[in-house]
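What follows is the residue order along each chain.
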Amino acid sequence: MTDSEHSSTLHYFSHKRRNLVVLFLFVLILFASFVYALQAGSYALSYGHIFDIIVQALFHSDDSAPLSAEQIVILGFRLPRIMLAILTGMSLAVAGCVMQALLRNPLVSPFTLGLSSAASFGAAVAIVFGAALTSVIPILSENAVIVGFAFLFGWLSVLFIYAISKMKGSSSVTLILSGVVIGYIFTAGVMVLKYITNDEKLREITLWLMGGMWGANWDAVLVVAPITLVCLLWLESKAWDLNTLSAGDDVAKNLGVDVEWLRFTGLFVSTLASSACLAFTGIIGFIGLMAPHIGRMLIGNDNRYLIPCSACIGAVILLLSDTVARTIFMPVEIPVGVIMYIIGGVFFMFLILRGHHRVMQ
Amino acid sequence: MIFEADKISVRYGSHEVVHQVSLSLRSGEVLCVIGPNGSGKSSLVKALAGVVDPFTGRLSLDGSPLSSRSRKEIAKHIGYVPQNLHYLTSSTVLEVVILGRRPHVHWSLSLHDLQVVEEAMKRVHVSHLADKLLSETSGGERQRVFLARTLAQEPDIFLFDEPTSSLDIKHQIEVFSMIKWLSALGKAVLVVVHDLNFAYHFADRVLLMHGGHGVTLGKADDVMTKERIFEVYGVSMEFLRSGSNMYIFPEWDKV
């Protein structure tokens, strides 16, 4: 072979081109899923009609005119739900991807670390006792209390995992078992809350734990969107540093990375992004595992491309799953969490049987 | 360029593993650090590489303390090849070598960065492995890949922690030839090594460590004496000169 055939520059550019093409394809798939999800549902609407409704809402908004039934369906129900699904899918996928890089463990995700259970417990506490808190501190909105509590407990669970990994190392067994333990503890906490609360709150909590887009409305989207976008941009800005961690802490430090600070802030930010979403959706499992793994199979380990690619994959998976959840037995909905468990289980069985070692090592 | 360590101590918890070791390293020089297991060699190198913070002492580059420079700035001057190379198994060789450019880039690699990576890979003969997973390479290839990663970092000072520990004799010689080549390029090289013959033949100066202390630092002939080696290792060694070569091996009848 000649030197030009071995040229690392050519290899690099061919990888970069392929990564950008894959990324662009997923953006297109996400857009197509978005359009499909807007149209799918028991209230039949044509694409043209939906387009008109959105254009009118964006550019010719007339607050005094009453909304038509079609406008209410698209603007009041489907659009905020779709936006929340996209943001949640992105957050959980990127949180999983970053946590895997930070703890150098491919089986780590918000779900397996127990963060989802902890954040859900925090949100359940806010549902049960939030009214009392907002009456004492009136400037707090109910949503802010839910997000705050979800984050607080999510962060506590991650701190616990972080402490365990410092003491005992970050092997798969240690981290996953710690996540299971955290999951049990917070599940017990939720049981207590369900036991002591009234019927209305009990129903609210139960819907929550199933995991779904029940809480979708524009208020939720306006809370989640800025948190998610700022967190994702910050994590993307740390992609090079996350890459160096793959060579071990010693090499990363020698390459100029403040490893402890990166690990602490990275876990903090990814917890914030995922908790903010989980506060409105309840427990959604497996996206934080599936999306980064699919991303790695397609474009490799470079976090500069893997983070945005995982975000798009996570958004597509959750959006399509939610669309199936609300349309498969129309007009009855099933919780999207159920679909995620089924897809996640099948996906991991496939990984185990196929032994995809670039992913599982 | 001169890299100096002044009375460096390293502690893990309350346990001090390196006690006030001082050394200097100049451009074009190869300094070998020898000593029995547990003598603090690796901890010393980690402190020099910025991997662990010295408990006491001062590191300086051309007279100015390293503490006054940013991490990224230090990383442009000091490269480190650790002893344990079992990470990165799911990365390709090219991905590993590119990591070396981290101190020099913000986001995207420039054409210059890629030329440096390409040159580094060519220099240690790993260009043909670019797309191969690191887990699919042999021990010798892996060592060369990590050397390429450090070359891509373009440091002035190279710190190696037992670079030949898992290699056969051919690859050991290859690694030491590369070390000589680096010093010929004007780079300062510090190597932790167990093989006394390699230390004797390749080092300009030798630091002998024992129990966390720097016992002595100087020319190989001055440091590696029969008495001192026995004192530190507890083993009687034969020093046999043949022409310009020196052979160091245990006195088997006394083992």
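Remember, it's a predicted structure, so these values are computed and weren't measured experimentally.

Residue and element names in this part refer to chain B. With 5 of 5 residues buried, strand β7 (residues 157–161) is to be regarded as a mostly interior element. Two strands pair when backbone bridges link them, and strand β6 (residues 78–81) and β7 are joined in this way by 4 bridges, in the parallel orientation. Within β7, the residue paired with G79 across the bridge is F158. In the sheet, β7 pairs with strand β8 (residues 188–192) via 5 bridges, with the strands oriented parallel. Residue pairing in the sheet places F160 in a bridge with V191 of β8. For the handedness criterion, the β-α-β arrangement of β7, helix α6 (residues 169–184) and β8 is classed as right-handed.

Residue and element names in this part refer to chain A. Between its first and last C-alpha atoms helix α11 (residues 259–281) spans 32 Å; for 23 residues at 1.5 Å apiece the expected length is 33 Å, and the two agree. By the criterion of burial, α11 is predominantly enclosed, with 18 of the 23 residues buried. After α11 finishes, the residue G282 shows a positive phi value of roughly 75°.

With that settled, consider the interface of chain A and chain B. Listed as interface residues are 35 residues of chain A and, on the opposing side, 44 residues of chain B. Here chain A meets chain B over a buried area of about 3,400 Å², counting both sides, of which 56% is carbon and sulfur. Residues R102(B) and D241(A) are paired through a salt bridge, measuring 2.6 Å at the closest nitrogen-oxygen approach. Applying the counting rule to chain A against chain B returns 13 residue pairs in polar contact (both at pLDDT 80 or more). Among the secondary structure elements, those contributing two or more residues to the side of chain A that touches chain B are α1 (8–39), α9 (239–245), α10 (249–254) and α15 (357–360) of chain A. With 7 residues, the single largest contributor to the side of chain A that touches chain B is α1(A). Here the side of chain A that touches chain B is composed, by residue class, of 8 nonpolar, 16 polar and 11 charged.

So, about the sheet that holds β6(B). Backbone hydrogen bonds hold the strands of a sheet together, and the pairing may be parallel or antiparallel. Residue and element names in this part refer to chain B. Pairing in this open sheet of 6 strands is mixed, and the strands run β6-β7-β8-β3-β9-β10 from one edge to the other. Sheet topology places β6 and β10 (213–218) at the edges, where each strand pairs with a single neighbour. Pairwise comparison of adjacent strand axes, ignoring direction, gives a mean angle of 15° for this sheet. Along the sheet face, helix α9 (residues 226–233) touches β3 (30–34), β9 (205–210) and β10 and points at about 35° away from the line of β9.

Residues and elements named next belong to chain B. Here helix α5 (residues 139–152) crosses α6 at 15°, and the two axes come no closer than 10 Å. As summarised for this structure, α5 and α6 are arranged roughly parallel, according to the angle between their axes. As for the relative orientation of α5 and α6, their crossing is right-handed in sense. From α5, G140, Q143, R144, L147 and L151 reach across to α6, where they touch H171, E174, V175, M178, W181 and L182.

Bringing the nonpolar core into the picture now. Side chains of nonpolar character tend, in soluble globular proteins, to be buried together. Among the nonpolar cores identified, the biggest contains 109 residues, and L38(A), I74(A), I86(A), I284(A), L318(A) and M340(A) are the most heavily contacted of them. Counting residues per element, this core draws most heavily on helix α3 (residues 69–102) of chain A, which supplies 18 residues. Not counting the four nearest positions on each side in its chain, M340(A) is found in contact with I284(A), G285(A), F286(A), I287(A), M290(A), I317(A), L318(A) and S321(A). Core analysis: the second largest hydrophobic core is formed by 55 residues, L94(B), L134(B), L151(B) and F158(B) among them.

About the criteria used
Residues numbered from 1 in each chain as written. Chains lettered and ligands numbered in written order. Predicted model: local features only at pLDDT ≥ 70, side-chain atom pairs only at ≥ 80, totals over all residues. Heavy atoms only, no water. Buried < 20%, exposed > 50% of the residue type's maximum accessible area, 1.4 Å probe, protein only. Helix = DSSP H or I, 4+ residues; strand = E, 2+ residues; numbered from the N terminus. Pairing = 2+ DSSP bridges. Right-handed = clockwise from strand over helix to strand, strands pointing away. Expected span 1.5 Å × (residues − 1). Contact = heavy atoms within 4.5 Å. Buried area = accessible area lost by both parts, 1.4 Å probe. Salt bridge = Lys/Arg side-chain N within 4 Å of Asp/Glu carboxyl O. Polar contact = N/O pair within 3.5 Å; in protein donor to acceptor, adjacent residues only side chain to side chain. Nonpolar A, V, L, I, M, F, W, Y, C, P; charged D, E, K, R; others polar. Axes fitted to C-alpha atoms, helices over the stretch in contact; angles between N-to-C directions. Parallel < 35°, antiparallel > 145°, perpendicular 65-115°, else oblique. Left-handed = near helix turned anticlockwise from the far one by under 90°. Core = buried A, V, L, I, M, F, W, Y, C linked by side-chain atoms within 4.5 Å.

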